[in-house]
Amino acid sequence: MAELRELYQEMIMEHNKSPRNFKVLANANRSAEGFNPLCGDRLTIYLRVESDRIEDVAFQGSGCAISKASASMLTTRVKGLTTVEARQLFERFHRMLAGGSSADSTGLEKLAVFSGVRQFPVRVKCATLAWHTLRAGLEGAHQVVTTEEESYEPAS
Ligand code: ZN
C-alpha cells in the first residue's frame, strides 16, 4: 500500500511539474473558470466541442500540485469523449472522492491516483475543482464555478 501511495504521489508531482495541455485554446467554443477559495486554486478550462464531442481541451491557471495535476490528467482523459461520457466520468470521479465509505474507482484508471485525497476533505476540493469546472464548461458559453457551496465529509 505504501508503495502504491508513493507511485500515486509521483504521478501527481510529475503532472504538476509538466502539466499537459497547459495553454489557452485559441479555437475554444466553450470555457469555464473554477475557483477553490479554501486553497486559492484558480483555473480556466477551454473546450472545443463539435457535434457533442470534446475535440480539444486545455487549461490554464495556478494552484496547488493536486489541483494542477488533476486538471492536467483531466485534459488527457476527456479529449475525444462525448459530452455525455465526460459527464459520466465526472460523476464517477466525484463519487470516488465524495461517495462516503465506498471508494469505488471502477473505470477511472489513472484517475484513481486521487483516491488518496479522500482522507483530506480540503484536498478533495483541490482534486475536484477541474472536474466541476469542466462540467460547467460543458453547460454553456462561459461559466464561473466555485467549490465553496460543496462540503465533503472525511472518509471513515
Ligand atoms: Zn489546492
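Our structure is the block above this text.
Reading the values: rules and limits
- Residues numbered from 1 in each chain as written.
- Predicted model: local features only at pLDDT ≥ 70, side-chain atom pairs only at ≥ 80, totals over all residues.
- Heavy atoms only, no water.
- Helix = DSSP H or I, 4+ residues; strand = E, 2+ residues; numbered from the N terminus.
- Buried < 20%, exposed > 50% of the residue type's maximum accessible area, 1.4 Å probe, protein only.
- Contact = heavy atoms within 4.5 Å.
- Expected span 1.5 Å × (residues − 1).
- Bend = angle between axes of the 7 residues up to and from the residue.
- Salt bridge = Lys/Arg side-chain N within 4 Å of Asp/Glu carboxyl O.
- Core = buried A, V, L, I, M, F, W, Y, C linked by side-chain atoms within 4.5 Å.
- Polar contact = N/O pair within 3.5 Å; in protein donor to acceptor, adjacent residues only side chain to side chain.
- 1 Å grid on protein atoms, 1.4 Å probe; cavity = no way out; pocket = protein on both sides within 12 Å on 5 of 7 lines; lining within 4 Å.
- Points joined across faces, edges and corners; volume = space filled by probe spheres on them.
- Nonpolar A, V, L, I, M, F, W, Y, C, P; charged D, E, K, R; others polar.
- Donors = N, O, S within 2.8 Å, 3.2 Å for Na, K, Ca; no water.

**Examining the overall build of the protein**
Then comes step 1: Secondary structure assignment for the protein yields four helices and four strands.
Then comes step 2: In the protein, the succession of α and β elements from N to C terminus is α-β-β-β-α-α-α-β.
Then comes step 3: The buried share of the protein, reckoned over its 156 residues, is 43%.
Then comes step 4: For the protein, the share of sequence-separated contacts (at least 6 apart) that also reach a separation of at least 24 residues comes to 60%.

**Some details on helix α4 (residues 121-139)**
Owing to its 3.6 residues per turn, the α-helix aligns residues three or four sequence positions apart on the same side.
Then comes step 1: A rise of 1.5 Å per residue sets the reference length of α4, with its 19 residues, at 27 Å; its end C-alpha atoms lie 26 Å apart and thus fit the reference within 8%.
Then comes step 2: In the structure, α4 departs most strongly from a straight axis at Thr-128, where the bend amounts to approximately 45 degrees.
Then comes step 3: Burial analysis of α4 places 14 of its 19 residues in the buried class, which makes it a mostly covered element.

**So, the pattern of salt bridges**
Then comes step 1: Counting across every chain of the model gives five salt bridges.
Then comes step 2: For the salt bridge of Arg-20 with Glu-14, the shortest nitrogen-to-oxygen distance reads 2.8 Å.
Then comes step 3: With relative accessibility at 36%, the residue Glu-14 sits in the partly exposed group.
Then comes step 4: The partner of Glu-109 in a salt bridge is Arg-77, and the shortest N-O contact between them spans 3.8 Å. Of this pair, Glu-109 sits in the loop between α3 (83-98) and α4 while Arg-77 sits in helix α2 (residues 65-78), and the two are 32 residues apart along the sequence.
Then comes step 5: Residue Glu-109 is classed as exposed on the basis of its relative accessible area, which comes to 62%.

**Details of the nonpolar core**
Then comes step 1: One finds Ile-45, Val-78, Phe-114, Trp-131 and Leu-134 to be the most contacted residues of the largest nonpolar core, which totals 35 residues.
Then comes step 2: Only β2 (41-50), β3 (53-62), α2, α3 and α4 provide two or more residues apiece to this core.
Then comes step 3: Per-element accounting of this core gives the leading share, eight residues, to α4.

**Quick look at the side chain of Ser-72**
Then comes step 1: Relative to the assigned elements, Ser-72 resides in helix α2.
Then comes step 2: At 2.9 Å, the side chain of Ser-72 forms a polar contact with the backbone nitrogen of Arg-20.
Then comes step 3: Other than its neighbours up to four places away in sequence, Ser-72 contacts His-15, Pro-19, Arg-20 and Phe-59.

**Quick look at the layout of surface pockets**
Then comes step 1: The space that makes up the largest pocket amounts to roughly 250 Å³.
Then comes step 2: The class makeup of the residues in the lining of the largest pocket is seven nonpolar, three polar and one charged.

**Some words on the coordination of the zinc ion**
Geometry reference: four tetrahedral donors at a metal, ideal angle 109.5 degrees. Six octahedral donors, ideal angles 90 or 180 degrees.
Then comes step 1: Taken together, the protein ligands of the zinc ion are Cys-39 (SG), Asp-41 (OD), Asp-41 (OD), Cys-64 (SG) and Cys-126 (SG), with distances of 2.2 to 2.6 Å.
Then comes step 2: Here the donor residues of the zinc ion are spaced in sequence according to C-x1-D-x22-C-x61-C. Placement of Cys-39 in the loop between β1 (30-36) and β2 and of Cys-64 in the loop between β3 and α2 is noted, with a sequence separation of 25 residues between them.

**Topic: unusual backbone geometry**
Then comes step 1: The backbone of Asn-21 shows a phi angle near 55 degrees, a positive value even though the residue is not glycine.
Then comes step 2: Relative to the elements of secondary structure, Asn-21 occurs in the loop between α1 (2-17) and β1.
Then comes step 3: Note on Asn-21: relative accessible area 22%, which makes it partly exposed.
Then comes step 4: A positive phi is found at Ser-51, a non-glycine position, where the angle reads about 50 degrees.
Then comes step 5: Within the fold, Ser-51 resides in the loop between β2 and β3.
Then comes step 6: What makes Ser-51 exposed here is its relative accessible area of 77%.

By themselves, these observations are geometric and do not establish any function.
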